[in-house]
Amino acid sequence: MNSLLAKSQLFLKRNSSTILTCVGAAGVVATTVTAVKATPKALALLDQAKEEKGDELTTLETVKIAGPAYVPTVILGVSTLACIFGANVLNQRSQASLMSAYALLDSGYKDYRKKVEELYGSEAGMQIRAGIAKDKYDEEYPESSAEPEDGKRLYYDYYSDQYFEARPFDVQKAEYEVNRTLMMDDGVYLNEWYSLLGLEPLDHGNDFGWNTCANMDAYWQSWIDFHHEKVVMDDGLECIIISFGQDPYPDFEDWC
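This section reports on the structure supplied with the text. Along every chain, residues carry numbers that run from 1 in the direction the sequence is written. With pLDDT at 70 or above as the cut-off, local features in this predicted model cover only qualifying residues; side-chain atom pairs require 80 or more to be listed or tallied, and sums for whole chains, interfaces and linings still use all residues. The side-chain values count all of the structure's non-hydrogen atoms but skip hydrogen atoms and water molecules.

1. Some points on the overall build of the protein chain
Piece 1. Secondary structure summary: the protein chain contains seven helices and seven strands in total.
Piece 2. Helices and strands in the protein chain line up, N terminus first, as α-α-α-α-β-β-α-β-α-β-α-β-β-β.
Piece 3. Exposure is judged per residue with a 1.4 Å probe applied to protein chains only, and the accessible area is read against the type maximum: over 50% gives exposed, under 20% gives buried, and values in between give partly exposed. Evaluated residue by residue, the protein chain yields a buried proportion of 32% over its 256 residues.
Piece 4. Exposure was quantified through the Shrake-Rupley algorithm and a 1.4 Å probe, taking into account, for residues, occlusion by the shown protein chains and nothing else. Approximately 16500 Å² of the protein chain is accessible, and the part contributed by carbon and sulfur atoms is 58%. The numbering of helices and of strands both runs from the N terminus, where a helix is a DSSP run of H or I of at least 4 residues and a strand a run of E of at least 2.

2. So, the nonpolar core
Piece 1. Core analysis: the largest hydrophobic core is formed by 24 residues, its most contacted members being Phe164, Trp193 and Trp210.
Piece 2. If you list the elements that add at least two residues to this core, you get strand E2 (162–166), helix H5 (168–185), helix H6 (190–196), strand E4 (208–211) and strand E6 (238–244).
Piece 3. The biggest single contributor to this core is H5, with four residues.
Piece 4. Residue contacts are defined here by distance: any two heavy atoms, one from each residue, within 4.5 Å place the two residues in contact. Leave out the neighbours within four places in its chain, and Trp193 touches Asp157, Val171, Ala174, Glu175, Val178, Phe226, Ile242 and Phe244.
Piece 5. Formed by 13 residues, the second largest nonpolar core is a distinct cluster that contains Met126, Ala130, Val231 and Cys239. In this description, a nonpolar core means a group of buried Ala, Val, Leu, Ile, Met, Phe, Trp, Tyr and Cys residues linked to one another through side-chain atoms lying within 4.5 Å.

3. Comments concerning a negative patch on the surface
Piece 1. Residues Asp135, Asp138, Glu139, Asp234 and Asp235 make up a contiguous surface patch of negative charge.
Piece 2. One can find Asp234 in the loop between strand E5 (226–232) and E6.
Piece 3. With a relative accessible area of 69%, Asp234 lands in the exposed category. Only residues whose relative accessible area exceeds 30% and that take part in no salt bridge are eligible for patches, with like-charged residues grouped when within 9 Å of each other and nonpolar side chains (Val, Leu, Ile, Met, Phe, Trp, Tyr) grouped when within 5 Å. In the sections that follow, a salt bridge refers to a side-chain nitrogen of Lys or Arg positioned within 4 Å of a carboxyl oxygen of Asp or Glu. This count recognises Lys and Arg as positive and Asp and Glu as negative, with His and chain-terminal groups excluded. Charged groups are reduced to one reference atom each: NZ for lysine, CZ for arginine, CG for aspartic acid, CD for glutamic acid.

4. Overview of helix H7 (residues 212–219)
Piece 1. Those residues of H7 lying buried are Thr212, Ala214 and Asn215. Down the axis of H7, the buried set is contained in an arc of 160°. They therefore lie on one face.
Piece 2. Where H7 is buried, its residues meet H5, E4 and strand E7 (249–250).
Piece 3. The residue sitting at the N-terminus of H7 and contributing the capping side-chain oxygen is Asn211; that oxygen lies 2.8 Å from the backbone nitrogen of Cys213.
Piece 4. Immediately downstream of H7, the backbone of Trp220 shows phi near 60°, a positive value. Taking the helix axis as origin, the arc is that swept by the directions to the C-beta atoms. What qualifies as a polar contact is a pair of N or O atoms within 3.5 Å, subject to a donor-acceptor requirement within protein and to the restriction that residues adjacent in sequence count only when both atoms come from side chains.

5. Quick notes on the pattern of salt bridges
Piece 1. One pass over the structure, following the stated rule, counts five salt bridges.
Piece 2. The closest approach of N and O atoms between Lys50 and Glu56, which form a salt bridge, is 3.8 Å.
Piece 3. Judged by relative accessible area, which is 34%, Lys50 ranks as partly exposed.
Piece 4. Taking relative accessible area as the criterion, Glu56 reaches 54% and is therefore assigned exposed.
Piece 5. A salt bridge links Asp170 to Arg167; its shortest N-O distance comes to 2.9 Å.
Piece 6. Taken together, the salt bridges that share partners define one network made up of Arg153, Lys230 and Glu238.

6. Section: the sheet that holds strand E1 (residues 153–157)
Piece 1. When DSSP finds at least two bridges between two strands, those strands are taken to pair. Within the open sheet, the four strands sit side by side as E2-E1-E6-E5. Their pairing is mixed. For this open sheet the edge positions go to E2 and E5, each flanked by a neighbour on one side alone. Taken pair by pair, the neighbouring strands of this sheet meet at an average axis angle of 30°, ignoring direction.
Piece 2. With seven bridges connecting them, E5 and E6 associate as antiparallel partners. Bridge pairing in E6 places Lys230 opposite Ile240.
Piece 3. Contacting E1, E2, E5 and E6, H5 runs over the sheet at an angle of about 155° to E5. With axes taken as lines fitted to C-alpha atoms, and helix axes fitted only over the stretch in contact, angles between N-to-C directions fall between 0 and 180 degrees.

Rendered as structure tokens:
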């Protein structure tokens, strides 16, 4: 019994936002139905009151007479609004907790990467990135891949862990446009970078980005550095690894 109770509490905690949203949706329907059902009753009461008074009812009299018929509707409406607002609050809390957890994880990762390069040199960092890129390449291209055509080259975006083909000029243009947007608007979303490259946006790409003030505080420069590192795959194909000198971070809009 205690195990069942604990599981029930965990289920409610994890799905409370969804449950409130579903209850709110049902409440909208129920509120509409009760309002429709209450209207004929309210009209009948108003007609009876008019006959007894022999004159038109005042606004206050109308409310007093018809109001009780709509009490269930009002209760359902208020309860529905409470569910909707409650679900929104829970979603905001969940998102804030997720962002905090990611920020903590991201901070630990950056410290780890920095310490690796301090202890073993920048070449070690490059070898790690090259190794990750090769492993991903072997997964996506189990057989030897053909050399890109039309002046394109094979690129690997280290942050999103995805390969793409593009002309060097187009990549440089995308880097320039991202930094230009950053300078003009004081901030730029991560997904704007992938949009300029013609890649699919990331699920969290609109929650992360860069801000000039944050970059200045952390790196003493407002722009984004893009690092290009060449790696040769086992089949002889060359690939350019693109990494950010300043990784994107959550809540970047709140700076400045």
